[in-house]
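Here is how the chains run, residue by residue.
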Amino acid sequence: MNTLDLFSLTLHEIRDMMRNGEISSKEVLDSVYGRIEAVEDKIEAYLTLTKDYAYEAAESIDKRRLKGEKLGDLAGIPMAVKDNISTKGIKTTCASKMLENYIPPFDAHVFEKLKEAGAILVGKTNLDEFAMGCSTETSAFKITKNPWDLERVPGGSSGGSAAAVAADEAYFAIGSDTGGSMRQPASLCGVIGFKPTYGAISRYGLVAFASSFDQIGTFAKDVEDCAIILNYLYGYDEKDTTSLPIEFGDFKEALNKDIKGMKIGLPKEYYDKGIDGEVKEMILDGVKVLERLGAHVEEISLPYAKYAVPVYYIISSSEASSNLARFDGVRYGYRAKEYKDLEELYVNSRSQGFGSEVKFRIMLGTYSLSSKCYDTHYNRALKVRRLIKQELEEAFVKYDILITPTYPTIASKIGEKSEDLVAMYMSDICTVTANIAGIPAMSIPCGFSKGLPVGMQIMSKAMGEADIIKAAHAFEKNTNYYKNKPTL
Amino acid sequence: MIEKKELLNIASLAKLKLSEEDEEKITKKFNLVLNYARMFDELDLENVEPLVNINNLSNVMREDEPMESYDRETLLANAPEKLYGCIKVSKIIE
């Protein structure tokens, strides 16, 4: 194989070649940076490239391998990390003017684990400012393009991470998911996006948006890669008080499993009006693949699903309003040049440092938590959250997994949806439920509509990730949509 | 519908000042969400407990033991203005 094309392989293929001594980590990195040089001008997935750092890391991996050291799956694998995940000594901007020059003095727990495993950071990826948005258009710095059509959005908020993997600018990428910020861009870019059970992956070092929803997850090129990466991300961490003290085992064991007898529910509310006809057809075709493999499929109803979006907006904004109070221009982050007293320092720094979408979320939260609205908005949303969670728990007594579209449509044109508020708002409808209930969910490519990728969402009960991986792998082996690549 | 006066009051509580453009955009978004939130009216929520803690974990404590932390220089590296090894702000006591 031409070493120049190494970038197009999967993580496990590259791992095997490095283990067999066919290629070095440096050669793999050369290939990925070569690819970045060739396509990044068009995609703009990255906010920061970490070339010096990456080559140093690759050299150290190669030395260790030459010494005969036995290295893990991720050793020497180039990866991308969303720019709201702290990386010691490397800028972490949240795509906000507020943190434009912020350099964290510590590593996020996941980044530390990935570094220990030998994965190599090639760069930090673009996102919607503070992960608030679903198109990566609210980034204060650049507009990331969808690798399948450069006039379209990659989705968001982890749009840079999804686009980087889809364009072969990294073998995998880490992102965060508060209301669908991994699964939705994965769907629009034709890669896998995985959000774990709430508490399964430590958020220490993730810049907080909405703490009862935020989870870190991964983008991967195929299901096997996804299982491998999750093995390194999962695990208890005392530095995140919501971390679950639970052993999840080896996710690779869920690969190549028979899905005969698996029970699949199709919640009809997710196939309702608002879902594009072709997208719906593709998901149902995907479900048929699983049915042919022996799964039992039934339509079900989740009547509370329709309340998910307002519940999500009210609670997540309330939490954001509290979390983002820390950005006051005093200790770190942006400080306004002009102010006459401390009050003005706060107001001017925040007003100039935050973009419009972030201001909206902070204010919606401030409003929902105000004494006048606490009971009618925040508290009621918490109550409906319980109803939604209970309804899903009941569904999972009967079904192993639920399948829905990840997103109602294919990727929209840049600028198109940011003006259409209702469409923007409704776009979260399929994904937010998993965050509301704290359950794991994956988006997996299931076909193309008008030449653009469509993703199928698989959800399971909390801690049921093995079922998701099992079904997804069976589906992938019988469809191979992941093998399609955008022409760049 | 949210009144302009109320919107500006919330902005001030959140320590934000809005440009005219922001004000218009944010008002529209507010009204959209508040409108959707009216859907809750159709539910009987009287006997439903609010869900605050998703995994029912209670407070996580650790032993109160001193351990290594960051040095002053590291922590001040990101401060926008510094003076005598401290973060500088404007005078707060006249």
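All figures in this text were calculated on a predicted structure; none of them were measured in a lab.

Quick look at the overall build of chain A now. The helix and strand tally for chain A stands at 15 helices and eleven strands. Its C-alpha radius of gyration of 21 Å places chain A within 12% of the 23 Å reference for a compact globule of 488 residues. With respect to the principal axes defined by its C-alpha atoms, chain A has extents near 65 × 55 × 45 Å. The proportion of buried residues among the 488 residues of chain A is 61%. Within chain A, counting contacts between residues at least 6 apart in sequence, those at least 24 apart form 75% of the total.

As a further point, take the confidence of the model for chain B. All names here are of chain B. The predicted model of chain B averages 93 in pLDDT, with 100% of residues at 70 or higher. Summarising per-element confidence for chain B, the mean pLDDT is lowest in helix H2 (residues 20-37) (93) and highest in helix H1 (residues 4-13) (97). As scored by the predictor, the complex reaches a pTM of 0.97 and an ipTM of 0.96.

The partner chain A presents 51 residues to the 44 residues of chain B that form the contact. When residues in the side of chain B that touches chain A are grouped by element, the largest group, ten residues, is from H2(B). Taken together, the residues that form the side of chain B that touches chain A break down as 31 nonpolar, four polar and nine charged.

A separate point is the nonpolar core. Of all hydrophobic cores here, the largest spans 169 residues; its most connected members are A:Met79 and A:Ile458. The contact partners of A:Met79, leaving out residues within four places of it in the chain, are A:Leu114, A:Ala119, A:Ile120, A:Leu121, A:Val122, A:Ala170, A:Tyr171, A:Phe172, A:Ala173 and A:Ile174.

A word on helix H2 (residues 25-43) of chain A. Residues and elements named next belong to chain A. Its axis deflected by about 40 degrees at Glu37, H2 carries its strongest bend there. Within H2, burial applies to Ser25, Val28, Leu29, Ser31, Val32, Tyr33, Arg35, Ile36, Val39 and Ile43. The inward-facing, buried residues of H2 abut helix H1 (11-19), strand E1 (46-49), helix H3 (51-66), strand E2 (78-82), strand E3 (120-125) and helix H5 (159-166).

Residues and elements named next belong to chain A. Two elements, strand E7 (residues 263-267) and strand E8 (residues 296-300), share five bridges in a ladder whose sense is parallel. Bridge pairing in E8 places Lys263 opposite His296. The parallel pair E7 and E8, bridged by helix H8 (residues 277-292), forms a crossover whose chirality is right-handed. With two bridges connecting them, E7 and strand E9 (residues 401-405) associate as parallel partners.

This part covers the pairing of strand E11 (residues 452-460) of chain A. Residues and elements named next belong to chain A. Taking burial as the measure, the nine residues of E11 include nine buried ones, the bulk of the element. Examined bridge by bridge, E9 and E11 share five bridges and lie antiparallel to one another. Bridging from a neighbouring strand, Thr404 pairs with Gln457 of E11. The pairing of strand E10 (residues 441-449) with E11 spans eight bridges and is antiparallel. By the bridge assignment, Ser443 is partnered in E11 with Gln457.

Turning our eyes to something else, we now look at the environment of A:Ile283. Residues and elements named next belong to chain A. Tracing the chain through its elements places Ile283 in helix H8. According to the C-beta neighbour criterion, Ile283 is buried, with 24 such atoms within 10 Å. It is 9.3 Å that separates the C-alpha atoms of Ile283 and Tyr271, two residues lying twelve residues apart in sequence. Excluding anything up to four places from it in sequence, Ile283 contacts Ile403, Pro405, Cys446 and Met456.

What counts and what doesn't
- Residues numbered from 1 in each chain as written.
- Chains lettered and ligands numbered in written order.
- Predicted model: local features only at pLDDT ≥ 70, side-chain atom pairs only at ≥ 80, totals over all residues.
- Helix = DSSP H or I, 4+ residues; strand = E, 2+ residues; numbered from the N terminus.
- Rg over C-alpha atoms; globule rule 2.2 N^0.38 Å.
- Buried ≥ 20, exposed ≤ 12 C-beta atoms within 10 Å, placed from the backbone.
- Contact = placed C-beta atoms within 7 Å.
- pLDDT = per-residue confidence, 0-100.
- Nonpolar A, V, L, I, M, F, W, Y, C, P; charged D, E, K, R; others polar.
- Core = buried A, V, L, I, M, F, W, Y, C linked by C-beta atoms within 7 Å.
- Bend = angle between axes of the 7 residues up to and from the residue.
- Pairing = 2+ DSSP bridges.
- Right-handed = clockwise from strand over helix to strand, strands pointing away.

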